[in-house]
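# Examining the three-dimensional arrangement
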Amino acid sequence: MLPLSRLLHLGSAPAIGSYAGAFRRSAAVAALFLGGVSPAAGQVSIQAVDSEGHPIPAVQVEWYAPGALLGSTLTGPDGVAEIPEDGWESVVRIHLRFLGLETRVVQRRNLPDDGVIRMEPTAVAVEGITVEVGHLCPSVDDPRARREWARVARRYSPETGARARSANFRLSKERVAPEELYAEGDANPERVHLAQSGGGVIHGDDPVFRPLDERTRSDGYAWPPFFNVVSVRQLKWSYPELDRGDAHHFASAAFGELHTFQMLEEGSERTILAFCGRDASNRTTLHGTLTLVPERAFVQAEWAFVSPTDDEGAGGAVVFDEVVEAYSGARHLVAAEGTFYRRSSDGTGRYVVERSTEARWLVFPTADHPCSNGRSLYGSPPRSQKAAAFARCMADHDPANTLWPGAGEGVGR
């Protein structure tokens, strides 16, 4: 299956894949099907099956606690993997990997008792070939699809973008060929800590900080850089971090206003919507897909940034998670994993890509971050006095070690 964002950048017009499965770049909850796997005593059993329901042997299965790999194994000839019950309470998600198939990331809370997980093939795109069965965008808004989006979006807090936030995650950056955009990347990426005060976005033509929702309404989804530097996320255009710190935008009123919705797949376990940006004549828009559990949660999104001029072939994907405030019960939409990419300036057929994995988030009750003035990115564990001071501050404001165990250890007091 060819990822949607690749299809949008092949050829001269946005295109959809050659069969209905090309819409289904699903992950986590969206990949769960019933299947009758019986767990052994003292173990938790899952089964990997292909698109036709046949078991898949030798799938790499990994299970994670917050910020830590607890264990891994391979599925047997029957596609079944056994996860030891000891430590199961610490597991937050399971990863399934197999060459030629889409990696699955399954949140533990969404794993059914009989735990059958369907894995679908992933195709390698060939430059110059356009697979076309119809045009995804522009589209006429489908009221039924919009209702499905709205029912889930209203479950998330509208204040997330205005709050200070911190995240601990693994970060990798590299240059890759187009077919490697969704590869696993660095086997041991650096662990970092992001601190972000609530606030807004500036750019080269407007140095006023404006909330992301306001910025996207006025300027679209890319704008001239404010600083004259080149980075993964900034060349001719600067892009919002929809795959990471701005993931909450998918549940915002602005996102609903700026897009039309289509129903691609509807079901009780998963629904897949296509979204198309409105008014693409003079600003960058988003085209993509959004997978959700009806009336419960957003699961995953994938998108392409479509610019009327100087299009850089940029796009991204995110697997969602949420942070629930203990004192209010408010649910904040955040990113568990994310990918951003754009075409590289150092040669044709190359992309720069940034991946964030194993993310854990903390949302503060105010706009000002208690340990950072604005935005900061530190290595974890700290490797400088400034980073150590930040870690001590975070240990004071996060005594439960929400983001990672031992946050304040080894930094001195």
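Let me begin by describing the structure that accompanies this report. The structure displayed is predicted, hence computed values, not measured ones. (Residues numbered from 1 in each chain as written. Predicted model: local features only at pLDDT ≥ 70, side-chain atom pairs only at ≥ 80, totals over all residues. Heavy atoms only, no water.)

With that settled, the discussion passes to the overall build of the protein. Across its full length, the protein holds five helices and 20 strands. For the protein, with 413 residues in total, the buried portion stands at 54%. Considering only contacts within the protein whose residues lie at least 6 apart along the sequence, 61% involve residues at least 24 apart. Looking at the protein as shown, the accessible area adds up to about 17,700 Å², and 51% of this sits on carbon and sulfur atoms. (Helix = DSSP H or I, 4+ residues; strand = E, 2+ residues; numbered from the N terminus. Buried < 20%, exposed > 50% of the residue type's maximum accessible area, 1.4 Å probe, protein only. Contact = heavy atoms within 4.5 Å. Areas by Shrake-Rupley, 256 points an atom, 1.4 Å probe, with all protein chains shown as cover.)

It is worth spelling out the sheet that holds strand β10 (residues 190–196) at this point. Spatially, the 10 strands line up as an open sheet ordered β13-β14-β15-β16-β17-β18-β19-β9-β10-β20, and their pairing is antiparallel. Each edge of the open sheet carries a strand with a single partner, namely β13 (259–265) and β20 (375–379). Going across the sheet, the axis of each strand differs from the next one's by a mean of 20°, ignoring polarity. Packing of helix α2 (residues 143–153) onto the sheet brings it into contact with β13, β14 (271–277), β15 (285–293) and β16 (297–306), and relative to β13 it is tilted by some 100°. (Pairing = 2+ DSSP bridges. Axes fitted to C-alpha atoms, helices over the stretch in contact; angles between N-to-C directions.)

This part takes up a nonpolar patch on the surface. A contiguous nonpolar surface patch, about 310 Å² in accessible area, is contributed by F226, F227 and V229. For F226, the location among the structural elements is in the loop between α3 (212–219) and α4 (253–258). (Patch = residues over 30% accessible without salt bridge, like charges linked within 9 Å, V, L, I, M, F, W, Y side chains within 5 Å. Salt bridge = Lys/Arg side-chain N within 4 Å of Asp/Glu carboxyl O.)

Our focus in this paragraph is the packing of aromatic side chains. Inspection of the entire model under this criterion finds 15 aromatic pairs. In this structure, R331 packs its charged tip against the face of Y156, placed 4.8 Å from the ring centre. (Phe/Tyr/Trp six-rings, centres within 6.5 Å; stacked < 30°, edge-to-face > 60°. Lys NZ or Arg CZ within 6 Å of the ring centre and 35° of its normal.)

Of all the residues in α3, the buried ones are L212, R215 and T216. The buried residues of α3 occupy an angular sector of 95° when the element is viewed end-on, so they sit on one face. Looking at the buried positions of α3, the neighbouring elements they touch are β11 (201–203), β12 (206–210) and α4. Looking one or two places after α3, you find G220, whose phi comes out positive at around 80°. (Arc of directions from axis to C-beta.)

Moving on to the pattern of salt bridges. Summed over all chains, the structure comprises 27 salt bridges. The salt bridge involving R170 is made with E358; its shortest N-O contact spans 3.5 Å. Note that R170 is positioned in strand β9 (residues 165–176) and E358 in strand β19 (residues 351–363), a separation of 188 residues in sequence. Among the residues examined, E358 registers a relative accessible area of 9% and is labelled buried. Here R233 ties to D243 by a salt bridge, and the two come within 2.7 Å at their closest N and O atoms. With R233 in the loop between α3 and α4 and D243 in the loop between α3 and α4, this residue pair connects regions lying 10 residues apart in the sequence. Residue R233 shares its accessibility class with D243, and that shared class is buried. Among the charged side chains, a salt-bridge network with shared partners connects K173, R233, E241, D243, R244, E354 and R375.

For the structure on display, the rule yields one disulfide. Disulfide pairing is shown between C371 and C393; the S-S distance is 2.1 Å. Taking the sign of the S-S torsion, about -85° here, the bridge from C371 to C393 comes out left-handed. With a gap of 22 residues between them, C371 in the loop between β19 and β20 and C393 in helix α5 (residues 385–397) connect regions that are remote in the sequence. The exposure class of C371 is buried, given its relative accessible area of 14%. (Disulfide = S-S within 2.5 Å.)

Across the 13 residues of β19, 11 count as buried, placing the element largely inside the fold. Bridging between β9 and β19 involves 11 bridges; their strand directions are antiparallel. Its bridge partner being in β19, L171 is matched across the sheet by S356. Where strand β18 (residues 331–343) lies against β19, six bridges are found, and the strand directions are antiparallel. Pairing of T339 across the sheet is with R355, part of β19.

The subject of this paragraph is unusual backbone geometry. We note that E295 has phi near 60°; this positive angle belongs to a residue other than glycine. Mapped onto the fold, E295 is located in the loop between β15 and β16. Owing to a relative accessible area of 47%, E295 belongs among the partly exposed residues under this scheme. Of note, D310 is a non-glycine position whose phi angle comes to about 50°, a positive value. Along the chain, D310 falls in the loop between β16 and β17 (315–324).

What follows deals with the environment of F261. As for its placement among the helices and strands, F261 is situated in strand β13. With relative accessibility at 0%, the residue F261 sits in the buried group. Note: C-alpha distance between F261 and W149 (112 residues apart in sequence) is 8.3 Å.

It is worth spelling out the nonpolar core at this point. One finds F250, F298, W303, F305 and F320 to be the most contacted residues of the largest nonpolar core, which totals 35 residues. When residues of this core are traced back to their parent elements, those giving at least two are α2, α4, β13, β14, β15, β16, β17 and β18. The biggest single contributor to this core is β16, with five residues. Core analysis: the second largest hydrophobic core is formed by 18 residues, W63, W88, V91 and L111 among them. (Core = buried A, V, L, I, M, F, W, Y, C linked by side-chain atoms within 4.5 Å.)

Taken by themselves, the reported measurements are silent on function.
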